[in-house]
Structures are given as C-alpha cells and as structure tokens.
Amino acid sequence: MAQEQVFFKYIDDPNQHKIDTYIEHGGYQAVQKVLKEYKPPEVIDTVKESGVRGRGGAGFPAGLKWSFVPQNTGKPIYLACNADESEPGTCKDRVIMENDPHMLIEGIMICCYAINAHHAFIYIRGEFAFPAARVEAAVNEAYEKGYLGKNIFGSGFDLDVIVHTGGGAYICGEETALLSSLEGSRGNSRIRPPFPAVEGLYKCPTVINNVETLASLPSIFDKGIEWYRSHGTEKSPGTKIFSLSGNVNKPGNYEVDLGTPLSYVINELGGGVQDGRKLKAIIPGGSSTPLLMPDQIDTPLDYESVAAAGSMLGSGAIIVIDERCCMVWALMKLINFYAHESCGRCTPCREGTAWLKQLINRIENGEGKQGDIELILDACDNIIGRTICPLGDAAVMPTRSFIEHFRDEFEYHIEHKKCKVKTDYPFV
Amino acid sequence: MSDNGKEKEQVTLTIDGREITVDKGTTVLEAATQLGIHIPTFCWHPKLDSIGACRMCLVAVEKFPKPAVSCATEVMPGMIVRTDSEEIVKARRGVLEFLLLNHPLDCPTCDKGGECDLQDNVFHYGIDKSRQTFTRLRVVDEDTHTTFDDKRIGPEVIRNMNRCVTCYKCVRFNKEIAGEYDLGAYERGNHTVIDAPPGEQIDNFYSGNVVEICPVGALTNTDWRYKVRNWIAKQAASICSHDADGQNITLWYDQRQLWRATSRRNDEVDEGWLCNIARYGYQYVNSQDRLTQPLIKKEGKQVPATWDEAISLIVKRFKDIKENKGSVCLAGLIGGNQSVETAYLFNKFFRNKLKTNNLDYRLEYIDLKSSDENEAYNSLYRAPFKIASLENADVVLIFASNFIKDHPSVNLRLRKAYRKFGTQVYTVNPVETKSADISIDEMIYAPDTETAFTAGLIHAIIDNKLYKNIDDAKVAEMKAKISPATLADAAKLCGVDEDRFTALAKKLSDANNPFILAGDFLVASSKRHRTANGLFNIANLLNIPDGNAAILGSQANSIGFDRVGMRPNLPEQVKKILEEKWGEPVPASAGSNTSQIFKNILDEEIDSVFIMGANPAMRYPDGPFVNASLEKIDFLVVADLFETATSSKADVVLPLAGWSEQSGAYVNIEGRYQRFEKALAPKAGIKTGIEIIHAIADAMELPLDLNLAELTKETKDVVDAFERVPRDTGKFFEVKQAQIPEHADYPYRLIIGNDLHHFGYLTEHCPSLMRFTPEPYLEISPNLAEKFEIEDGMLVRVESATGKLVLKAKLSEHFEGEVLFIPNNFAATEVNSLISRENGGWVKIEKLDDK
C-alpha cells in the first residue's frame, strides 16, 4: 500500500531546500501557470473545488477562508503563514520548512495572488532556529531570482515575504495571538468577531494559513484538482503528514492519504507498539485531542471519521501510549504544559488550568483527596467554552477524556497514593 | 467618523424576556444596561476597547453554541438573550471562584474595600465557601524579594499583585488612551504580573487613571491609601483649578482635609480621564504652609495682624490714594484660577466703585496691548471650539503648543480621534512634543519664527491655488502683505523644508473638517498678534469653520475672565452688558494692562496694586522689570494661599481661601460654564476672595450689595450674555515676521513654562506632584549637551544679560537643536530673572565642575 508522496517526494535529496534543485524538480511551475492563466477569483475557486482543508488543526476549507476576505476596504490584505508549530507531538511543518521551504514559498505566492495580498509574513516558532534559517535563506534565494519582490514573472504582481520568529509561546500558534505577537504586542488571543479575515493584522483583512496547507497548493495547480481529489476521501481530500510518536518502534513523520486507517500508520509504517507491548490508548491529533482506545485503531484518519470516533484529527500528531504508562502521570504532563502556556488573558483559562495542574499533580504525588476527581470535572465545566481561544478547551478535552477512560487509575491513585500500573515506564 | 446626524439603523432584540430596540452596533451589555439589567464586569470599560477577558459578562444567546461575552457581542435582530439562566449563573460563579483561588481575601485591610467590584460580585453571587485547598500563589518579586505584596511601581502608583484580577484595564488605558508604554503585563498564565518595564516606572501624565479604573485593590496611590475609608469621606462635585480644559472631578474630604480627587466623567469634556495635575493638583489646599492670618508690614517687616487691622489699613490707604491722587492710581490684578464670581465682584469693585480700569488677569504674558487691540487674536481666542468636535476632524494642525501639557483633555480627545477615526495630525512647534508619536509630520521651527511659519503656509496655500471661495484678486492683494514675501524665504527662516509646508497646505485644503489649534507657545509669545494674523488668514483662505480655528486659553478661568471683563479695556459687547447690569457707565479713563501697570508703577503713575491669587514676581516673564516695579510700589496688597515672592514685597498680606473652600464656577476653553461645589470650609483666619472684596468695599462705604446667590446669578447672566462676533471671513490682515534680535553673546533660546507635572506656582505645594518633578532643571538636547560635554544631572550655569542661575541638566530626547527649557514652577529658582523684554530670552550656558 505504497502511497504517493507530495511533501516528501524529495525528502532524501539533501539539496532540495535549494532553489535550483527545487526548480530542477519542477518547482515554481505552478505559480507561473497561476500568474499567467488564472484570475485571482479563479484561483480561489480552484482551491475551493480541490477541497483542501486547513492543516493547522481545525480543518477549515482553505478556499472558503480566502473567499471571506473583503476586497473593497481600501486597506491592504495580508497573509500570515502560521509556522508556530507547537502542539505537543507535532513536527510536520518543521520537515517542510527544513527540507522543502520553496514549496511553502510557492504556496504563499499562489495564496497571495488569490487574495490580492502583497505582504506575507511567515511566523515561525522561536525554538525553530534551524527551520527559520532555512526558510530565511530560501526567501533570500527567491528574491535573488526575482521570484519575490516587484513584478513577479513579468505578471505585474508584487509580493514581499517577511520571516518572523516568535519568542517561544504555544499560544502564538493560535491565530489571533499570532497576530498580536506579529504586531509586536504580547501574545494574547483576541475575541472574535471581528474575524481576522475581516480585521486581522494591523486591523487589515488577513488570511492565516498553516505551513502544510500552503505547501499543498503547488501540487494542486501542477497536477490538477482531479489528481488531488484522487487522494484522501470525498470530504477530506489530499495527503497529510502524520507525526507519529510515543511507544512505537519507528516514530517519525509519515505522509499518507487522508482516510488511511490509523492502524496502518501505527503498525505498518510505525512498526507497531514498541517491543510488541499492549496498546493502551492513542492520542490521534495532538495532545489536546481526546483519546482513542485500542478498539478504535482502525479508525480512518480523516476529519469526519476521527470526529465520529469521539476525537479530532487536529494537527495529525499521533501519540501512542502502551500498557506501562500511568494515565495520571501522562495527564499531569499534559496539564502542566497547558497551565504553563496559558497566556493569562482570560480568567477561566488563566486560573482554571493552573488549578487543574495543582489538583492533578496532587493526585499524581499521592496527596489526592476524595472528591478531587469531581472537583476537576466541575472546574473543567467552568473552563470549556468559557474562554477566548481554544487553549482552555485544549486543556479540558484530554482531562475529561483521560478521566472518562481511566477513572479507575485516578481513584486508585487517590486511595493508594501510588500508580495502579506497575511499570518500568521510561521518563517517569 | 461619526454619522453626523444620520439615522442609525435600529435593531430589536429580547433580553430576559423584555424587548428593546437599540442602535445597530450597540453591544448586548449596553442594551441590557438600557433596560436596567445589570451585567457584572471586571475588564469592561465604556471608553476602552472590549477584550472579553474576565468572562464575567457572559450571557446565553439562543442559537449560539456557547455563552457569549456581552461586552463585545453586538446586537442582532431577533436575538434572544438570557442574562440570568442557570448556565450563566454557574459560569459567573465559576469565574469568581477562579478569581478568588489566589486572592488574599484581605478586604478589611484593603484600601479598595467598600468600592471593590470583586467584593460586590462575590457578595452578590454568594460565593461563601472555598473549594481551594492549596497555598495561595505568591510570586516573588525580583527587586524586593518580597512576595506579591505592595510594590511601588511609580511616583504615585503602588501595586499589589495578590489582589489583581488581571483585567488589563490599566495596561489598556495606558496604551489605548494615553499612548504610553510605561506599564505592561509580564510573564504569562496565572503568573502574569502587571509592572513597569524593567528599569522604568509608571510616571506618565495620565498615570493616575490606572488607579481609578482598577476594579480591585491591586493598584492604589500614595495620595489616598490607608488615610480614610471611602464610605466615611464626603464628596463634592468640583472642577480642576489649574489648566483651562475644565476637567470634572469629585473631591473626597472629611472634617480634616481633602483626601483625593477622582474623575466625574463628562463626555463632552474629559470622558472620565484626568491628567495627574487634575488628580493630584488639589493638594495645595491641604498644605500646612497655608497663610492663616493677615500680615502687615511694620518698619520694613511683615508681622501678624488681625483682619480688622489689615482691612482698616487697606481702606485708609485706598481712600487716601483715591482722594488725593485719583482712581487711576489704583490697580487690581487677579490670578487665573479664582472663580468667575470672584473676578466679577473684583471687577465691579474696582471699576464701578473705585472707578479704575486698571485691571487684568493675564499676569504671565508681556506685550498684551498689541494682542488686545488685534481683531485676529481676539476672534481666534474666543472661537467657539468644542472638545468633542475633534472626533469629527479629519486633519488637525496643532500649532505652537506642547499639547499634552497645555490641554490634557483636548490632547486625549485628539489621540482618540487619531486612533478611532483616523484623524491625521500635524504639529508645528519650537520643540518636539509628545504629540509627535501621532503626527504625520512634526515640524520644528527656529525659535521666534512662528509668524514666519504662518507666512510660509499662506504662501504654500496661495502658490498652489488651494484657497476656497475667494477671488484671485483679493488673494493677490493679501499675498503682497505677507512677509517673508515667498515660501522659500519663510521656509529658510523657519528652518523647515518648503515641501513640508506644501504638503501641510494640501492636507488642510483637501480636508472636509480641518482644525487649527494654537496653544501656549503662541499665547506666551510677545508677537502673538502677528502670528494670530497669519492663522486668521489661513482659516479664511481655507474656509475653515469658525469653531475649528482657535487659540486656546491657558488657565482655569482665562475664558471666564474674558467674558466678565477682567481686562483693562472692555470689548464693546462686554462693556454694554456690564453697564446694563451696573446701571451706570464704566469709567472713561484708559485702563492699564499688567505690563502697563508695572510700568506705571515705575513711572509713579500707579501707587497701589491689589493682587489676588497671583504671583507675578515669580511668573511674569521679565523678572528684573516686575521685581523693580513691585519693590517700588507704594502700597501693595496681596491676597494668597501662601507666602510668595510677590507677597514678600506686600504691605498687607491676606490669607486667601482655595477654590475648593468655596463654591463658584470656571469657564473652560470651550466657553463651558462649570460650577464647583464647596468642599471643606477654610480654616479660621482664612477668607474667600469674595469675602475679602466685600469686607473692603463695606469698610470703604462702597457696598456691593450682592449676596452669594445674587452674585452667582449676576455673574452667570454676564457670562451667558457674552456673544461672540463670528470670524469675519471677508477680512485679511498683514502678516509680518518680527525682527529676531541680535544675540551673538547669548546664542541659545531659553523657553520657560510649566513642567509637565506642575502648573503655575501652587503645585509646588502638592506632594504627589512633587514626587513626579521634585526640583527645577535645565532641559537640554543631547546634541547641545554633547557640545558642552554635559551629562545628565550635571550642574550647568545659565546666563543671560540680566541674570544667571545654576541648574541640573536634564538631557531630553524630545529636544533637538539649540533650545533650552526651564520650568518656572519652583519658587526657589527665579527663572524669570534670566528673561527680560529686551533680551527676549536668549542665554548662554557653561558646564560647572563635573557633578
């Protein structure tokens, strides 16, 4: 079941990040075609028809997002490329930026042409020094070739791309916080409406797309909608990179068609659970998504099927947990992360995640009290859906899911002041 | 841009089962408030952008997937909102529980207790049991190694993070309204700390507001904290007694003293924001240094006396001079922060009873005659400008004004117009000002060339045919009367590129609703009438609406005094009103203005002056002249709150009540008559200006026959009766740049004026303001400092033809070039000794030994 590779086609070529190699491999053809043959609305229509969905986590149709941008405000329109890849377990955008940055730049060019933007910003997370250097170098190469700047490919279209690195905050991957940070402010999320498409960066219409979303555009225009739709499912077309980690034999990034069964990724590509141990649970789409249980391992990896299974495809970070893992400990690690990364803007997330952290740590440390589980769940009710951005929800969803599926382990911890699972689990 | 009277679209919705129709764009919170439904908030403020952070104002909206923040959700037709459903009450209780997790619950010792939003909401929602069983979070402060407890983060502001609910109102106020960045949020999550940036403190001019808008006891100020409980203090509606904007304040006081001033929001004036001078500038009334009994000069020494002795002496001498030398030998001067009633009575006493026209209130300016007789100046000075109208401005030119300092409220309104409505701002000043950060172009003209600047702008308008509704012949006729004669010449003299004149001219001409506002640099200039001519011509050339071109007055009652005729020579309409009221003509003799009075004293034509609430010895910008005159005066009476440089020369000193110790009114720059209530009565031995005038008049058997109510009414009538003749749009005046004197030995132009945190000579008695600026300084540009190898804090000798002073240097990034500034708010430093009419304020400097 060998799958066609789009992002990873030249993953083994050590020179793929260089512009000449990229061109040799057929790069920058799509954008030339687009600039010559398409009018901007036709680009948007094509992207709509291709059905490509945002790869940042929410899976929002990209073409539809672009079509929300008002073209008559008299203000400039911006593209912000979200390269603040911070969801624990996720490392897919990093590979694109490191190995094939021109694919991203070409995608940015197509998008900007479609939405009539002349400035694009690539917001790269602060810790990504090497990917940022690669992207920066690629942007410089593109300028040198005249692919960026004024009158690109003689089409009269101008575009400037600015690479900006963040200060290292998870919240800046949330689109409105990303905009605040890009503007030079503290990375705080903002209430919506107004949505960024209407009032985003510097109060101007702004499209925010994930790296993988933008990088998938050249292939769509190279090979056509039909080809694109031949991958994936009706509602979730195309290929996607999954970042496989946790207790598997061969962790790593794998590109597969959407709709590929989870079991294929874990067992065939990932070589199965480490040392043949028993599978305990799977986090399918980044650490904020609810757990899938072993009996759900055949769930197809597309947006609808994973949602139907009670979780989310999210950013495509699959974390495999085997039988040795204490789920109280695992949840503690997650909640510590979310409490640490809460931006501090809205009350339920700022105070609530910190309280959850205290409570869950208490249980893990053998100091849990009767009623703590109920208190955690009640606090969750006061956080979820009450916050400005999804960070609060992101902390609550795994908390609820872990307690729902493994309540016995939490109760055991409170009663016996130790793990129910006797393990030699690493990291603990 | 506001809708200029256009009908707004209406939206009907239902809140808690009650239907309401409101303007489109209204938030659910505002609509609920209109229905009398209270929705609790922490982070919401009517004048700040909503950020929906505290989540207290959540409401349930039918068909919405989850509760919405009512502070930021706009009404939609047919919306069905519940503010009190079970879900919402649980959400709010949840928020309160979260906020209390790490709150110290120290209400009994917290200064905010009794006026705390958190206390009120917790009480309302009945959160009386805590599920929190952890040690409360205390973040260790890096500087003090104390936990979250009190930390001083500015001259006035003290922060206690334990109590903070992280609503960000303080930070947002600073950034959105004041345009300041000396307060920020640091760290993240529940470790978020509100603090000044490292190495800085929150000391901006509007910083007091952050304390007032703090919903809890996290931000308090030295002024008020731990002194009196808010529910014990009484309140009096008052008005700031310093600058001319007329900020509305509430004075809090008890039987001992005034305790604080808070804003009394008036959307037409201040929108609920106070500058630090309005907030802390009341404190001089509390001072222990107040005069409490009259002084009489005996054998060259002032000794305490009774009121009877003092009044009898005044009466004896006044009578003596009046009868033997004539009324023209008497004069009266009054300070700009006396109530309009006091001024009216003062005027009536001197003009109608003592029969002298030697009256003035402008004690800080020279060469008043030229502007008194200048139609352009008077027309622009009395222009019907409205602060709120700036919100509809598309282009605003701030001319010769350090706007933040001169007009704190107008400055904030301008910033609002800039931020919210895209108003474009240009500034033209002799030094760089704070307004630069919102200006498209900040033009700095060479000292004393403001007239040339207006000439240049006129040329730019004419040369580019940007004028409106005027025929070319008339324009050509005017152009011939402008000097410098060309744009190039004017530009060269001002040191501003021609292109910038042209760009500004085009912007003003293209604008639908342009404004030109001039301030204190113009008013203080002795050539103000020439510059006013230029501004008048520009306003007419560009057909700028009457209220949009204005010279703004500078003291609390500048405009009020103008209305009630506190000038020597009355404008016709004022004269008519006064004669009607008094039933007899005003004296026919020519009156002398401030400078003429001082001159006449030296010429032995005036023998006695009564100065009420003013300190010309310190503030008149020609020290040698005014001091010689005051020394020479035969009989000087000074009524004031404190012993001053002026009172030290007086034959009789009378203790005068402060503005808060009586009721009265100020008329602000807009001509807005605003009353202030009496707060605490003055201490025994102190009389109000009105009482003093009555006492003297009665003892002279020239009774004024006006009780307080009658006086108030009569004054109001006079103020209201004033009708300004609209600007004559058919007129043009000659514009001629004055010769700039030779000053080879004294190469640097010294500007004196108010420090940002001081106003006049009284604020030296306000401890809070002294915390911001405790001592005078020489403000100097880094370039000039480098030339003399002067570093910040070094002692520098400043010398003019008339005097010398030694001051600490303050290097200021605001300053470019060869202009110096010294504040004239400190009695111990006689800045005006450096300045005379002849030398025009030119000085040289010399570095003294290091440090």
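One can find the structure itself at the top, above this paragraph.
Residues numbered from 1 in each chain as written. Chains lettered and ligands numbered in written order. Predicted model: local features only at pLDDT ≥ 70, side-chain atom pairs only at ≥ 80, totals over all residues. Heavy atoms only, no water.

Participant: Give me the overall build of chain B: which residues, what numbers.
Facilitator: Scanning chain B from N- to C-terminus turns up 27 helices and 35 strands. Over its C-alpha atoms chain B spans a radius of gyration of 29 Å, differing by no more than 12% from the 29 Å that the globule rule assigns to 851 residues. In terms of principal-axis extent, the alpha carbons of chain B reach across some 85 × 70 × 65 Å. Expressed as a percentage of the 851 residues in chain B, the buried residues total 64%. Sequence separation of 24 or more characterises 74% of the internal contacts of chain B that already satisfy a separation of 6 or more. About 32,000 Å² of surface is accessible on chain B, with carbon and sulfur atoms providing 49% of the total. For chain B, the separation between the mean place of its 101 positive charges and that of its 123 negative charges on side chains is 3 Å. (Helix = DSSP H or I, 4+ residues; strand = E, 2+ residues; numbered from the N terminus. Rg over C-alpha atoms; globule rule 2.2 N^0.38 Å. Buried < 20%, exposed > 50% of the residue type's maximum accessible area, 1.4 Å probe, protein only. Contact = heavy atoms within 4.5 Å. Areas by Shrake-Rupley, 256 points an atom, 1.4 Å probe, with all protein chains shown as cover. Lys, Arg positive; Asp, Glu negative; His and termini not counted. Charge placed at Lys NZ, Arg CZ, Asp CG, Glu CD.)

Participant: Explain the overall build of chain A to me, and be specific about the residues and the numbers.
Facilitator: Of regular secondary structure, chain A possesses 16 helices and 8 strands. The C-alpha atoms of chain A give a radius of gyration of 22 Å, which matches the 22 Å a tight globule of 428 residues would have. By its C-alpha atoms, chain A is 75 × 45 × 35 Å across when sized along the principal axes. Expressed as a percentage of contacts within chain A between residues at least 6 apart in sequence, the contacts between residues at least 24 apart total 71%. Approximately 15,700 Å² of chain A is accessible, and the part contributed by carbon and sulfur atoms is 51%. When the 42 positive and 55 negative side-chain charges of chain A are each reduced to one mean point, those points stand 4 Å apart.

Participant: Can you explain the interface of chain A and chain B? Please cite residues and give values.
Facilitator: A common measure of how large an interface is: the accessible area buried when the components associate. Taken together, the contacts link 34 residues of chain A with 38 residues of chain B. Each partner contributes to the roughly 3,000 Å² buried at the junction of chain A and chain B, and carbon and sulfur atoms together form 51% of this total. For the interface between chain A and chain B, the tally reads 4 salt bridges. A salt bridge links Glu341(A) to Arg188(B); the shortest N-O distance between them is 3.0 Å. Applying the counting criterion to the chain A and chain B interface returns 19 residue pairs in polar contact (both at pLDDT 80 or more). Only α13 (327-341), α14 (347-364) and α15 (372-383) of chain A provide two or more residues apiece to the side of chain A that touches chain B. Looking at the side of chain A that touches chain B, the element that brings in the most residues is α14(A), giving 10 residues. (Buried area = accessible area lost by both parts, 1.4 Å probe. Salt bridge = Lys/Arg side-chain N within 4 Å of Asp/Glu carboxyl O. Polar contact = N/O pair within 3.5 Å; in protein donor to acceptor, adjacent residues only side chain to side chain.)

Participant: Hey, could you go over the packing of aromatic side chains for me, with residue numbers and the actual values?
Facilitator: Note on aromatic pairs: each is described by the distance of the centres and the angle between the planes. One pass over the full model with this rule turns up 37 aromatic pairs over all chains. Cluster of aromatic residues (ring-pair linked, three or more members): Tyr22(A), Tyr28(A), Tyr147(A) and Phe153(A). Between the NZ or CZ atom of Arg345(A) and the centre of the ring of Tyr168(B), over which it lies, the distance is 5.2 Å. One cation-aromatic arrangement involves Arg260(B) over Trp252(B); the distance from NZ or CZ to the ring centre is 4.0 Å. (Phe/Tyr/Trp six-rings, centres within 6.5 Å; stacked < 30°, edge-to-face > 60°. Lys NZ or Arg CZ within 6 Å of the ring centre and 35° of its normal.)

Participant: How would you sum up the sheet that holds strand β11 (residues 234-239) of chain B? Please name residues and give values.
Facilitator: Residue and element names in this part refer to chain B. Strand order across the open sheet formed by 3 strands is β11-β12-β13, with antiparallel pairing between neighbours. At either margin of the open sheet sits one strand with a lone partner, and together these are β11 and β13 (258-263). Taking each pair of neighbouring strands and ignoring which way they run, the sheet shows an average axis angle of 30°. In the sheet, β11 pairs with strand β12 (residues 248-253) via 6 bridges, with the strands oriented antiparallel. (Pairing = 2+ DSSP bridges. Axes fitted to C-alpha atoms, helices over the stretch in contact; angles between N-to-C directions.)

Participant: I'd like a rundown of the pairing of strand β25 (residues 635-640) of chain B, residues and numbers included.
Facilitator: Residue and element names in this part refer to chain B. Most of β25 sits inside the fold, with 6 of its 6 residues counted as buried. Pairing analysis gives 5 bridges linking strand β24 (residues 608-612) to β25, with the strands arranged parallel. Paired with Phe610 across the two strands is Val637, which belongs to β25. In this sheet, strand β26 (residues 652-655) lies alongside β25 in parallel orientation, the contact comprising 4 bridges. Residue pairing for β26: Ala639 is matched across the bridge by Leu654.

Participant: Tell me about the side chain of Arg413(B), and name the residues and values.
Facilitator: All names here are of chain B. By the element assignment, Arg413 lies in helix α12 (residues 408-421). Since its relative accessible area comes to 3%, Arg413 is described here as buried. Those residues within four positions of Arg413 in sequence are excluded, and the remaining contacts are Asp267, Glu268, Val269, Asp270, Glu271, Ile387, Ala388, Leu390 and Glu391.

Participant: Kindly report on the sheet that holds strand β6 (residues 252-257) of chain A, identifying the contributing residues and their values.
Facilitator: Residue and element names in this part refer to chain A. Taken in spatial order, the 4 strands of this open sheet run β6-β5-β8-β7, and their pairing is mixed. Each end of this open sheet is capped by a strand with a single partner; those strands are β6 and β7 (279-283). Adjacent strand axes in the sheet meet at a mean angle of 30°, parallel and antiparallel pairs treated alike. Pairing geometry for β7 and strand β8 (residues 317-322), over 4 bridges, is antiparallel. Each residue of the ladder has a partner; that of Ala281, found in β8, is Ile321.

Participant: I'd like a rundown of a nonpolar patch on the surface, residues and numbers included.
Facilitator: Together, Phe60(A), Leu64(A) and Phe68(A) give the surface a local cluster of nonpolar side chains, amounting to about 260 Å² of exposed area. Taking the relative accessible area as the measure of exposure, Phe60(A) reaches 36% and is therefore partly exposed. (Patch = residues over 30% accessible without salt bridge, like charges linked within 9 Å, V, L, I, M, F, W, Y side chains within 5 Å.)

Participant: Outline the pattern of salt bridges, supporting the account with residue identities and numerical values.
Facilitator: Applying the stated criterion across every chain, the model contains 79 salt bridges over all chains. Residues joined by salt bridges that share partners form a network here, namely Lys47(B), Arg265(B), Asp267(B), Glu271(B), Glu391(B), Arg413(B) and Lys416(B).

Participant: Outline a negative patch on the surface, listing residues and values.
Facilitator: Residue and element names in this part refer to chain B. Together, Asp489, Asp497, Glu498 and Asp499 give the surface a local cluster of negative charge. Locating Asp489 in the fold gives a position in helix α15 (residues 487-494). Using a relative accessible area of 43% as the deciding quantity, one classes Asp489 as partly exposed.

Participant: Break down the state of the cysteines for me, citing the residues and quoting the values.
Facilitator: Tallying each qualifying case throughout the model produces 0 disulfides over all chains. As a non-bridged cysteine, Cys380(A) has Cys349(A) as the owner of its nearest cysteine sulfur, 12 Å distant. Cys275(B) takes part in no disulfide bond, and the closest cysteine sulfur, belonging to Cys240(B), lies 5.8 Å away. (Disulfide = S-S within 2.5 Å.)

Participant: Describe helix α16 (residues 498-510) of chain B, and please don't skip the residues or the numbers.
Facilitator: Residue and element names in this part refer to chain B. If you check α16, its first and last C-alpha atoms are 18 Å apart, about what 13 residues at 1.5 Å a residue would give, namely 18 Å. Every buried residue belonging to α16 is among Phe501, Thr502, Leu504, Ala505, Leu508 and Ser509, and all of these are buried. Considered in projection along α16, the buried side chains sweep an arc of 165° and stay on one side of the axis. Along α16, exposed side chains directed more than 90 degrees from the buried face belong to Asp499 and Asp510. Where α16 is buried, its residues touch β18 (395-399), β19 (424-429), β20 (439-444), α13 (450-463), α15 and β22 (514-518). (Expected span 1.5 Å × (residues − 1). Arc of directions from axis to C-beta.)

Participant: Could you give me a rundown of helix α8 (residues 340-353) of chain B, with the residues and numbers involved?
Facilitator: Residues and elements named next belong to chain B. Over its 14 residues, α8 runs 19 Å from end to end, which matches the ideal 20 Å to within 8%, given 1.5 Å per residue. The element α8 is largely enclosed, with a buried count of 13 among its 14 residues. Note on α8: the residue one or two positions beyond its end, Lys355, has a positive phi of about 65°.

Participant: Explain the packing of helix α20 (residues 572-582) of chain B against helix α25 (residues 708-721) of chain B to me, using residue names and the numbers behind them.
Facilitator: Residues and elements named next belong to chain B. At a minimum axis distance of 10 Å, the contact between α20 and α25 shows a crossing angle of 150°. What the angle tells us is that α20 and α25 run roughly antiparallel. Pair α20 / α25 crosses with right-handed handedness. Of the residues in α25, those in contact with Ile577, Leu578, Lys581 and Trp582 of α20 are Glu714, Asp717, Val718 and Ala721. (Parallel < 35°, antiparallel > 145°, perpendicular 65-115°, else oblique. Left-handed = near helix turned anticlockwise from the far one by under 90°.)

Participant: So what about the packing of α13(B) against α15(B)? Which residues, and what values?
Facilitator: Residues and elements named next belong to chain B. Running from N to C, α13 and α15 cross one another at 150°; their axes reach a closest spacing of 8 Å. As summarised for this structure, α13 and α15 are arranged roughly antiparallel, according to the angle between their axes. Remark: the crossing between α13 and α15 carries left-handed chirality. Between α13 and α15, the contacting residues are Ala452, Phe453, Ala455, Gly456, His459, Ala460 and Asp463 on the first element and Leu487, Ala490, Leu493 and Cys494 on the second. Partitioning the contact of α13 with α15 into residue classes produces 8 nonpolar, 2 polar and 1 charged. (Nonpolar A, V, L, I, M, F, W, Y, C, P; charged D, E, K, R; others polar.)

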